[in-house]
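The lines below spell out each chain.
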Amino acid sequence: MEHSERILQIIKECGYTEYRVARDTGISMSLFSQWKKKPSSNIYSSKLVAIADYLGCSVDYLLGRAEEPE
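Not measured: the values here are computed from a predicted model.

1. Here's the deal with the packing of helix α2 (residues 18–25) against helix α4 (residues 45–55)
- Two elements in contact, α2 and α4, have axes separated by 10 Å at closest approach and are oriented at 105°. The orientation of α2 with respect to α4, classified from their angle, is roughly perpendicular. Between α2 and α4, the residues in contact are Arg20, Val21, Asp24 and Thr25 and Ala50, Ile51 and Tyr54, respectively.
- Along the lines of polarity and charge, the residues of the contact of α2 with α4 split into four nonpolar, one polar and two charged.

2. Some thoughts on the packing of α2 against helix α3 (residues 29–37)
- At a minimum axis separation of 8 Å, α2 and α3 run at an interaxial angle of 140°. What the angle tells us is that α2 and α3 run oblique. Judged by the sense of rotation from one axis to the other, the crossing of α2 with α3 is right-handed. Of α3, the residues touching α2 (which contributes Glu18, Tyr19, Val21 and Ala22) are Met29, Phe32 and Lys36.
- Each residue belonging to the contact of α2 with α3 can be placed in one class, and the counts come to five nonpolar, no polar and two charged.

3. Some words on the confidence of the model for the chain
- On average, residues of the chain score 94 in pLDDT, and 100% of them are at 70 or above.
- Per-element averaging of pLDDT across the chain places helix α5 (residues 59–62) at the bottom with 94 and α2 at the top with 97.

Reading the values: the criteria
- Residues numbered from 1 in each chain as written.
- Predicted model: local features only at pLDDT ≥ 70, side-chain atom pairs only at ≥ 80, totals over all residues.
- Heavy atoms only, no water.
- Axes fitted to C-alpha atoms, helices over the stretch in contact; angles between N-to-C directions.
- Helix = DSSP H or I, 4+ residues; strand = E, 2+ residues; numbered from the N terminus.
- Parallel < 35°, antiparallel > 145°, perpendicular 65-115°, else oblique.
- Contact = heavy atoms within 4.5 Å.
- Nonpolar A, V, L, I, M, F, W, Y, C, P; charged D, E, K, R; others polar.
- Left-handed = near helix turned anticlockwise from the far one by under 90°.
- pLDDT = per-residue confidence, 0-100.

Rendered as structure tokens:
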């Protein structure tokens, strides 16, 4: 599973929409659309940190390197 797929899955599990996360973090909606069309593991660290902060989890959790969100 690519990192972007895991992030989208976690966002959905948290009950958020990509639109809401994009709006609240300042990340472009087009990035989420791009991830859906072509999943990738190449993600800027600033985007990972913004999403992790928003979801209240660690970057390692988003990347699948930790089993627990904290």
